[in-house]
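A closer look at the structure
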Amino acid sequence: MLLFFCINTRAQAQRADSTASYGAIKGIVFDSAYNFALSSSSIALYKLADSSLLNYTLPNNYGEFLLKPIPFNTPVQLVVTHVGYKTMVKPITITNAKPELDLGKLYLDRKGDDDSSTVENEVVVTGVIPMRMNGDTLEFNAAAFKMDKNATAEDLMRRLPGFTIWGDGEMTFNGKTISSVLVNGKPFMGGDASVATQNISKDAIQKIQVYQQKNENNPLDSVMHANIKTKEEKNTGHFGKASVGYGSDKRYALDGMFGMFNPKMQVSVVAATNNINKTVRSLSQLIQQASYKGIGANIDYQTDFRMAGLNKPVAAGANFQYDFIADPTYYKSSRLTGDYFFRRNNTLTERNTTTNIFTGENNLLTQEAVAVNSNISTNHSLQTSFSKRNEKLNTTLNAGINLGQTNGRSESNETQSNATGLISTNNAIRTNANDTRQFNLGLSLNRMDNNYKNFNRFSKRVNLGYKLNVMDDNGRSTNNSTFTSYVPGQDSKIYSRLYDKQDKLSVTNDITLEYPEIKKLIFGKMRLWDINISLRAAAVLTNNKYDDRVLDFDAGLNKHILNTYLTNKRDEDIFNFKPNLGISKTFFKQLSNRYTKAIFISATMEAQYYSYKHQATSITQNFNYKYWNMIPNISVSRMNEQHGAYSINYSLSYNSSFKYPDLFHIAPLVDSSNIWFIPKGNPAIKPQENRNLGFNFQYSSRKAKNPFSFNINAGVGNASDYITDSSFYNTAGVRTNYYTNINGFRNANLNTTVRKSIKVKQHAYQVGFRLGGFISRTPQYIEDIYRIAKKLNGNGAITIDYSFKDVVTIQAEQGIGYNESKQTGINNNVFIARNYNTQLSGSLQLPKNLTWSSNVTYFRNSSNNQVPVNFTIWNASLTYRFLKANRGEVKFSALDLLRQNKNIINLASPNSQTFGYQNTLQQYYMITLSYFPRKFGK
């Protein structure tokens, strides 16, 4: 409701000749009957000769407005409008003799119930009012903004005052993030904002609406939404894409999408396949990449050259939405949605790595590995949801089915050596196959109590949630390996192991119940200093059944025989129950249209009952335990919202949690074919208690022009009875590991982001900075010697974005990653890995339908004892749009022009460092033809 206080700076739509001289007009808008400021008025200035829009704005909190620049000696008309008031029109001419005209107080007259008059005098307004306040909603009239006929909603939003679309795609209004973009009050084609903004034609839009709703998860915040309201005759339509590309080395890319909608129903179908490492993880991402994108220079979605291996993905899906209420509101909606997503990927990865491991004082173990992995995965996902909301009840019911299959094969050759030379090798061929079926069901009921007039001790307000998840996974695998030891006393071994059955059936029930009005039930009408008290309980019950059948090949019998040690049936029951009592208090202070200040204090007294029961045919794995623990959580938040100026929010929180040991901590079985690793159990291991203190600070400007934001998150934590590993290495380099409890773990993190957007005439600049860091102190044992592993991870980037009109787009980024791991104890071994990247991307649209694009990225990777690896990826493309409404597109792409692309592995862990390479996609050329069917309206 406070959006209009932020639009108090100039918002120019069209400019006169830039060589002319300019003046200004200012004034104050008041109610003529009661003499109060009308801060939600709309002020527009039109050229009298042709009614073209020159400038527009909204008054500030005091009803004051300022319009500039205004050309001298040009007859104009000032139009002042407000919902429920007669429109005021004033003809004006600014001269250089009086360049600033002060109109003083402008009084608007209210309309009568039977008053059909809308204009104060006989002057006729032929221009379109660009924006107005409609209750708590700010509305921009699309017809007031003259743009290219092929413009989209996103192109329009970039020109509206207050809107900023950042380089990463996030959209803000007056510095506040827009959480969703709706179309006619409804999610559009799955809900991704870019699908709506980059496909809907500007000519189909009646208005862009911006409004805020309460944040049900944060009482100090509100959620901002944007709504694209189409013209009445344009609320039915279709759009899509059909594309085919072919290039050198038999590279190909095909994709297609078609979506259609009407006031109640939306349907979209989409499919894509390629062998150029373009993969998608969701249906919405698949639909998004088929966007029309409108006018201007775009830095397009391209092949992911950082992806390991060669991938041949196939993806397809469909999305359905039906609104039983064509024009839903916050308290009146009924919607059925469903989507199907199919994904298949064929991946071939070749990997070559060297790992250095410190196993003791001045003892260095070097592992070298060459591996080839092939994997084919297939997944079908069908999800459906029904939601209904009214003033009394909010109901959501969802259900889904997932079917997945995986088939993989790997060949590896591994060697281990130390200061004396080669000590062991292992050559292995492994295969695996899994068939997974999963079903999920969810129900959410939120009962509201809107009876504020009559007191009722037994409030109807209650929240209930239920989730059911059933997963049936059937697996089978093989491991054929030859281990050769060159150390006296260590035996060489040959394994041919068949995991004939690796089955798992998992059933999880998750129930939550919340009663927010427990205070009223217990204390009746007692206010208790306006403290809120709520009661909540959550229970998760999980049952996992495992069935493993393992066989070993007997050369003498020439057949597989049962491995009675590894063949095992297990039954695992986990019960996690958390009742809690929540207490909160809000201190609130507000001056209408000026500021809102609040302090929110909350404390949760939570208990946790956790039980773990494990039964198996292997008697060493029969155990159970139960724990009762208290888990306190406290937070303090403060909000300072200076309307039209800035917003400051900060919070301090403390939370705790427990990590409970599982089977692999307590009693694992040793699979001897896993050559390099032997796990040992610890039946006496205890739960780990985590404690964390967090701080968050957010600053955002709330002005329509040149938004700025600064965020910082920091935290520290420690743990009691930290679960750590204790490792021993034998002379062949085989590691034996068991888990134990130890104190002394500590960690800290810091993440900050800064960004600024500046518009100067038709030039737009964006500057961003992000920095993140994590440090930890982890105690552990190696060779029965107490060690401290100190780890430092850091990453940061500076980004600069520039655009001019719809002609030029440029992005630049400098990024860095730093990873340091240091061991203290007997010696101070240090592993350091550094990664740098410098990127420059740009697009130029010249002439109008021709777009030149290029991006260059320089990478540098360095680590201990390794020569730094440097390489550059240079991509370029030329795109031409043709046919009516730019429906046709031809694109020539040249990727990795220098043929230098590499996929580097550069990692550091507490006592090891890994450096190596993986195969990846390299240079290719491609020509792509695309067609975009589009129609809005019948």
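Residues numbered from 1 in each chain as written. Predicted model: local features only at pLDDT ≥ 70, side-chain atom pairs only at ≥ 80, totals over all residues. Heavy atoms only, no water.

Next up on the list: the overall build of the protein chain. The helix and strand inventory of the protein chain stands at five helices and 48 strands. By the compact-globule yardstick of 30 Å for 938 residues, the protein chain fits well, its C-alpha radius of gyration being 33 Å. Each principal axis of the C-alpha atoms in the protein chain carries an extent, and together these give about 110 × 75 × 55 Å. Going through the 938 residues of the protein chain one by one, you find that 46% of them count as buried. Taking the intrachain contacts of the protein chain between residues at least 6 apart in sequence as the baseline, contacts between residues at least 24 apart amount to 67%. When the accessible area of the protein chain is evaluated, it comes to approximately 45,100 Å², of which 55% is carbon and sulfur surface. (Helix = DSSP H or I, 4+ residues; strand = E, 2+ residues; numbered from the N terminus. Rg over C-alpha atoms; globule rule 2.2 N^0.38 Å. Buried < 20%, exposed > 50% of the residue type's maximum accessible area, 1.4 Å probe, protein only. Contact = heavy atoms within 4.5 Å. Areas by Shrake-Rupley, 256 points an atom, 1.4 Å probe, with all protein chains shown as cover.)

Moving on to the UniProt feature "domain: Outer membrane protein beta-barrel" (unreviewed entry) in the protein chain. Per the UniProt record, "domain: Outer membrane protein beta-barrel" (unreviewed entry) is annotated on residues 609–758. Helix makes up 3% of residues 609–758 and strand 69%, and the two end C-alpha atoms of the span are 54 Å apart. (UniProt positions renumbered as here; feature names shortened; annotations may be inferred.)

Here K68 and P69 are connected by a cis peptide whose omega angle stands at 0 degrees. Checked against the element boundaries, P69 lands in strand β5 (residues 64–71). With omega at -5 degrees, the peptide bond leading from L846 into P847 counts as cis. Summarising the element assignment, P847 is placed in the loop between β41 (830–845) and β42 (850–863). Although it is not a glycine, K250 sits at a positive phi angle of roughly 60 degrees. Relative to the helices and strands, K250 resides in the loop between β16 (237–247) and β17 (252–261). The exposed category is assigned to K250, whose relative accessible area is 63%. The phi torsion at D784 lies on the positive side, around 65 degrees, for a residue other than glycine.

To continue, consider the side chain of E572. Looking at where E572 falls in the secondary structure, it is placed in strand β28 (residues 568–591). Within the buried set, E572 has no salt-bridge partner at all; the shortest N-O distance to an opposite charge, 4.8 Å, is to R570. Not counting chain neighbours up to four residues away, the residues in contact with E572 comprise T542, N543, N544, Y546, Y612, K613 and H614. (Lys, Arg positive; Asp, Glu negative; His and termini not counted. Salt bridge = Lys/Arg side-chain N within 4 Å of Asp/Glu carboxyl O.)

Let us now look at the layout of surface pockets. Considered as a void within the structure, the second largest pocket measures approximately 720 Å³ in volume. If you list the elements that add at least two residues to the lining of the second largest pocket, you get β24 (462–485), β25 (493–515), β26 (532–554), β28, α5 (663–666) and β32 (677–680). Residue classes in the lining of the second largest pocket are distributed as ten nonpolar, eight polar and seven charged. (1 Å grid on protein atoms, 1.4 Å probe; cavity = no way out; pocket = protein on both sides within 12 Å on 5 of 7 lines; lining within 4 Å. Points joined across faces, edges and corners; volume = space filled by probe spheres on them. Nonpolar A, V, L, I, M, F, W, Y, C, P; charged D, E, K, R; others polar.)

So, on to the nonpolar core. The biggest cluster of nonpolar side chains holds 52 residues, and the ones touching the most others in it are F140, F163, F188, I208 and I228. With residues up to four places along the chain from it excluded, the contact list for F163 reads F140, M157, M171, T172, F173, I178, I208, V210 and K759. Counting 20 residues, the second largest nonpolar core, distinct from the first, contains L54, I70, I94 and L108. (Core = buried A, V, L, I, M, F, W, Y, C linked by side-chain atoms within 4.5 Å.)

Another aspect to go through is the packing of aromatic side chains. Under the defined criterion, the tally for this structure stands at 33 aromatic pairs. For the pair F324 and F386, a centre-to-centre distance of 6.1 Å together with 75 degrees between the ring planes defines the contact as edge-to-face. Of this pair, F324 sits in the loop between β19 (310–323) and β20 (333–360) while F386 is found in strand β21 (residues 363–389), placing the two residues 62 residues apart along the sequence. On the accessibility criterion, F386 (29% relative accessible area) is partly exposed. Ring centres of Y650 and F697 lie 6.2 Å apart, and the angle between their planes is 20 degrees; this geometry places the pair in the stacked category. Of this pair, Y650 sits in strand β31 (residues 646–659) while F697 sits in strand β33 (residues 688–701), and the two are 47 residues apart along the sequence. Taking relative accessible area as the criterion, Y650 reaches 33% and is therefore assigned partly exposed. Given a relative accessible area of 21%, F697 falls into the partly exposed group. One residue, R570, lies across the ring of Y546, its end atom 3.8 Å from the ring centre. Positioned above the aromatic ring of W166 is the side chain of R755, whose terminal nitrogen or guanidinium carbon lies 4.3 Å from the ring centre. (Phe/Tyr/Trp six-rings, centres within 6.5 Å; stacked < 30°, edge-to-face > 60°. Lys NZ or Arg CZ within 6 Å of the ring centre and 35° of its normal.)

Let's shift gears to the sheet that holds strand β8 (residues 100–108). The strands that make up a sheet are held in pairs by hydrogen bonds between backbone atoms, and each pair lies either parallel or antiparallel. Within the open sheet, the three strands sit side by side as β5-β2-β8. Their pairing is mixed. The outermost strands of the open sheet, each flanked by one partner alone, are β5 and β8. Neighbour to neighbour, the strand axes of the sheet diverge by 25 degrees on average, direction disregarded. Two elements, strand β2 (residues 22–31) and β5, share six bridges in a ladder whose sense is antiparallel. In the sheet register, Y22 faces β5, and the bridge partner there is P71. (Pairing = 2+ DSSP bridges. Axes fitted to C-alpha atoms, helices over the stretch in contact; angles between N-to-C directions.)

Counted according to the given criterion, the structure contains three cavities of 30 Å³ or more. Roughly 50 Å³ of internal volume is contained in the largest cavity. Lining the largest cavity are V183, N184, K186, F188, N235, F261, N262, P263, M265 and Q266. Looking at the lining of the largest cavity residue by residue, the classes come out as five nonpolar, four polar and one charged.

Another point: the confidence of the model for the protein chain. Residues at a pLDDT of 70 or more form 94% of the protein chain, whose mean pLDDT is 90. Low pLDDT, under 50, characterises residues 1–20; the predicted model gives this stretch 66 contacts beyond four residues in sequence or across chains. The low-confidence segment residues 118–124 (pLDDT under 50) makes 13 contacts with residues lying over four places distant or belonging to another chain. (pLDDT = per-residue confidence, 0-100.)

Before going further, it helps to spend a moment on the sheet that holds strand β15 (residues 222–230). A sheet is described by the order of its strands in space; here seven strands give the open sequence β9-β10-β14-β15-β13-β12-β11, paired in mixed fashion. In this open sheet, the two strands that pair with only one neighbour each are β9 (131–134) and β11 (163–165). With direction set aside, neighbouring strand axes in the sheet form an average angle of 30 degrees. When strand β13 (residues 176–183) meets β15, the two strands line up parallel, connected through five bridges. Residue pairing for β15: L182 is matched across the bridge by N227.

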